[in-house]
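Tertiary structure, described
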Amino acid sequence: MITLKQVEAMIQAELPDAVVQVQDLGGGDHLQAIVVSAEFEGKTLVKQHQMVYKAVKEAMATEAIHALALKTYTPQEWEKNHQVA
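Residues numbered from 1 in each chain as written. Predicted model: local features only at pLDDT ≥ 70, side-chain atom pairs only at ≥ 80, totals over all residues. Heavy atoms only, no water.

**With respect to helix H1 (residues 4–14)**
Taken residue by residue, H1 has Val7, Glu8 and Ile11 as its buried positions. Down the axis of H1, the sector holding all buried residues measures 100°, keeping them to one side. The exposed residues of H1 that point more than 90 degrees off its buried face are Lys5 and Ala13. Buried residues along H1 sit against strand S1 (19–26), strand S2 (30–36) and helix H2 (45–55). (Buried < 20%, exposed > 50% of the residue type's maximum accessible area, 1.4 Å probe, protein only. Helix = DSSP H or I, 4+ residues; strand = E, 2+ residues; numbered from the N terminus. Arc of directions from axis to C-beta. Contact = heavy atoms within 4.5 Å.)

Put into structure tokens, the structure is as follows:
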């Protein structure tokens, strides 16, 4: 079984500037990742997700990760959407 820290490391290896938070949604192989990276600037949501999936491709191919829900943000989007009132 893959650990949440291993998934975070895989994503950060592909997107070195990324702030990554991975959560287990159940069973250890259904995960959610929140990824904030300047690399996403000017890219569509689909392209952003493809960049993250590329990082975890091997783990998904071996089914260490069965499902991965993604939420991707640029740093500006993260700040705008997660301000505390």
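**A short note on the nonpolar core**
Within the largest apolar cluster, 19 residues are counted, with the highest numbers of intra-cluster contacts made by Val7, Ile11, Leu15, Val35 and Ile65. Among the elements of the structure, H1, S1, S2, H2 and strand S3 (67–73) are those that each provide at least two residues to this core. Among residues more than four places away in sequence, those in contact with Val7 are Ile2, Val22, Leu31, Val56 and Ile65. (Core = buried A, V, L, I, M, F, W, Y, C linked by side-chain atoms within 4.5 Å.)

**Quick word on the side chain of Gln48**
Here Gln48 lies in helix H2. Of note is the side chain of Gln48, whose polar atom sits 2.6 Å from the side chain of Thr72. Setting aside its immediate chain neighbours within four residues, Gln48 contacts Phe40, Lys43, Thr72 and Tyr73. (Polar contact = N/O pair within 3.5 Å; in protein donor to acceptor, adjacent residues only side chain to side chain.)

**Some words on the pattern of salt bridges**
Across all of its chains, the model carries two salt bridges by this definition. As a salt-bridge pair, Glu8 and Lys5 come within 3.6 Å of each other at their nearest N and O atoms. Of this pair, Glu8 and Lys5 both sit in helix H1, three residues apart, roughly one helical turn. The class of Lys5 is exposed, set by a relative accessible area of 62%. The salt bridge partner of Glu14 is Lys54, with a shortest N-O separation of 3.3 Å. Taken together, the residues Glu14 in helix H1 and Lys54 in helix H2 connect sequence positions 40 residues apart. (Salt bridge = Lys/Arg side-chain N within 4 Å of Asp/Glu carboxyl O.)

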